[in-house]
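Remarks on the overall topology
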Amino acid sequence: MNVADRSAAIVVDGLRKSYAGRDVVRGVSFRIEAGECFGLLGHNGAGKTTTIEILEGYLDRDAGTVSVLGCDPADATAEWRRRIGVVLQDMDVFPTLTVVETVRMFADLYPDPRGVAETIDMVGLTPRSSARVGGLSGGEKRRLDVALGIIGDPELLFLDEPTTGLDPAARREVWAMVDELKGTGVTIVLTTHYMDEAQILADRLVILDDGVVAANGTFDELLRDHGDATTISFRLPVAVPADSMVAAVGVAVGVEMRVDGPQAEFASIDPQRDLFRLLGWADERGVALENLALRRNSLEDLFLSVSAEGADTGAVTGAQR
Ligand code: ADP
């Protein structure tokens, strides 16, 4: 690593991996700064798990350079491993042990762990300390998983799908906990299928598509690079023929209209100007625009536009759950 890379927790350059002659990671490069929450996104099969397992030192790469906390994961030592926490999708724990017994057992694996009570408190499980793990709710179990990932006081935490299968309230609790964790300075590598989750938690994002980086940056940078658009929509009035209205509004506003059932919408890169023109057009003709709404593109819109068309994206929003 050169001097300029001292602040980086992870630097990946030209990473390649193939299985049985099929290239699944094809020259991936990105950098994760120390202390940031980095989101790795991509549809199923995009190469996320392969990349993460190489970073964790569990899988060999074919080519490229990788530095994780200043070391090459291919030469992983026990000391390096202790600086890294991993929260897998399903952590193996004994259902008959209590929360505090489980966290204490994991703490014993590290030379200098966090305090057991402090860690349980950090994930909000203090009231459930003496509950048996088998009796925890999905959200509580996920918080216990995170406690086990951070008990070794890692500098870097890999967080895999932290809210998959949780109800909306439990998801929000996990988000609040991850947000609090971010404040402690630990670098977090988050993989998730939930675009709302990535948008809320990740400081920076990489979207992998078929083994290559399709987008890399903050949410605002990604929107700027890939077309920062706002969707303006309204319900087509029954009194006005839809075709002629759509054509007239399209000409008046200078945009291409889309019609989805009773709703008409268009993408705008200058919503103030286009909304003004739309309202002016409607006002002149005495047309009431019902259900008028303005929505800035979300990470999900962006994800769908940069990921392979027609792929099984695996992307879901909170609203779809
Ligand atoms: P993601 O985590 O983004 O879903 P993966 O890294 O798991 O993607 O997989 C990338 C591609 O590599 C997929 O097409 C997958 O089928 C393939 N793959 C993953 N692991 C293996 C393996 N052990 N042997 C052969 N092919 C694999």
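Everything in this summary refers to the structure shown in the same document. (Residues numbered from 1 in each chain as written. Predicted model: local features only at pLDDT ≥ 70, side-chain atom pairs only at ≥ 80, totals over all residues. Heavy atoms only, no water.)

1. Some remarks on the overall build of the protein chain
Where we set the bar: The secondary structure listing takes helices from DSSP runs of H or I that are at least 4 residues long and strands from runs of E that are at least 2 residues long, numbered from the N terminus. Partly exposed residues are those whose accessible area sits between 20% and 50% of the maximum for their type, while under 20% is buried and over 50% is exposed, using a 1.4 Å probe and protein chains only. Should any heavy atoms of two residues lie within 4.5 Å, those residues are counted as being in contact. Here the accessible surface of atoms and residues is derived via Shrake-Rupley with a 1.4 Å probe, and residues count as covered only by protein chains that are part of the display. Positive: Lys, Arg. Negative: Asp, Glu. His and the chain ends are not part of the count. In this description, the location of a charge corresponds to atom NZ of lysine, CZ of arginine, CG of aspartate or CD of glutamate.
When its secondary structure is counted, the protein chain shows 11 helices and 13 strands. Taken along its principal axes, the extent of the C-alpha atoms in the protein chain is 75 × 45 × 35 Å. Here the protein chain holds 321 residues, and the buried ones make up 47% of them. Restricting the contact set of the protein chain to residue pairs at least 6 apart, pairs at least 24 apart contribute 69%. For the protein chain, the computed accessible surface area is about 15400 Å², with 50% contributed by carbon and sulfur atoms. Each charge class in the protein chain can be summarised by its mean position, and for the 31 positive and 51 negative side chains these summaries are 1 Å apart.

2. So, helix H6 (residues 168–182)
The α-helix winds at 3.6 residues per turn, so residues separated by three or four positions along the chain end up facing the same way. Heads up, the rule is: To estimate the expected span of a helix, subtract one from its residue number and multiply by 1.5 Å. The arc in question is the one traced by the directions running from the helix axis out to the C-beta atoms.
Under the 1.5 Å per step criterion, the end-to-end length of H6 is 21 Å for 15 residues, consistent within 8% with the ideal 21 Å. Residues of H6 that are buried include every one of Ala170, Arg171, Val174, Trp175, Met177, Val178, Leu181 and Lys182, and no others. Down the axis, H6 shows its buried residues gathered within 165° of arc, on one side only. In this structure, the buried residues of H6 make contact with strand S3 (37–42), helix H4 (116–122), helix H5 (138–150), strand S6 (156–160), strand S7 (187–191) and helix H7 (195–201).

3. A word on the sheet that holds strand S12 (residues 263–268)
Here is the rule we go by: Note on pairing: DSSP must find at least two bridges between two strands before they are called paired. Axis angles are defined between N-to-C directions and span 0 to 180 degrees, where every axis is a line fitted to C-alpha atoms and, for a helix, only to the segment in contact.
The strand order across the open sheet formed by four strands is S11-S12-S10-S13, and the pairing between neighbours is antiparallel. Taken across any chain shown, the strands that pair with only one partner, and hence form the sheet edges, are strand S11 (258–260) and strand S13 (290–296). Adjacent strand axes in the sheet meet at a mean angle of 20°, parallel and antiparallel pairs treated alike. Summarising the sheet, strand S10 (residues 230–235) and S13 pair through five bridges and their orientation is antiparallel. Bridge pairing links serine 233 to alanine 293 in S13. Here helix H10 (residues 271–285) sits on the sheet in contact with S10, S12 and S13, set at roughly 20° to S10.

4. Details of the environment of isoleucine 269
Checked against the element boundaries, isoleucine 269 lands in the loop between S12 and H10. Taking the C-alpha atoms as reference, isoleucine 269 lies 8.8 Å from threonine 231; in sequence the two are 38 residues apart. Those residues within four positions of isoleucine 269 in sequence are excluded, and the remaining contacts are Asp228 and Asp274.

5. Focus on the packing of H5 against H6
Our working definition: If an angle is under 35 degrees, it is roughly parallel; if it is over 145, roughly antiparallel; if it lies from 65 to 115, roughly perpendicular; otherwise it is oblique. The sense of a crossing depends on the near helix, which, turned anticlockwise from the far helix by less than a right angle, makes the crossing left-handed and, turned clockwise, makes it right-handed. We call Asp, Glu, Lys and Arg charged. Ala, Val, Leu, Ile, Met, Phe, Trp, Tyr, Cys and Pro are nonpolar, and the rest, Gly among them, are polar.
With their axes 9 Å apart at the nearest point, H5 and H6 run at an angle of 20° to one another. When the axis of H5 is compared with that of H6, the two are roughly parallel. Where H5 crosses over H6, the two elements pack in a sense that is right-handed. Contacts between H5 and H6 involve Gly139, Arg142, Arg143, Val146 and Ile150 from the first element and Ala170, Glu173, Val174, Met177 and Leu181 from the second. Of the residues in the contact of H5 with H6, the class split is six nonpolar, one polar and three charged.

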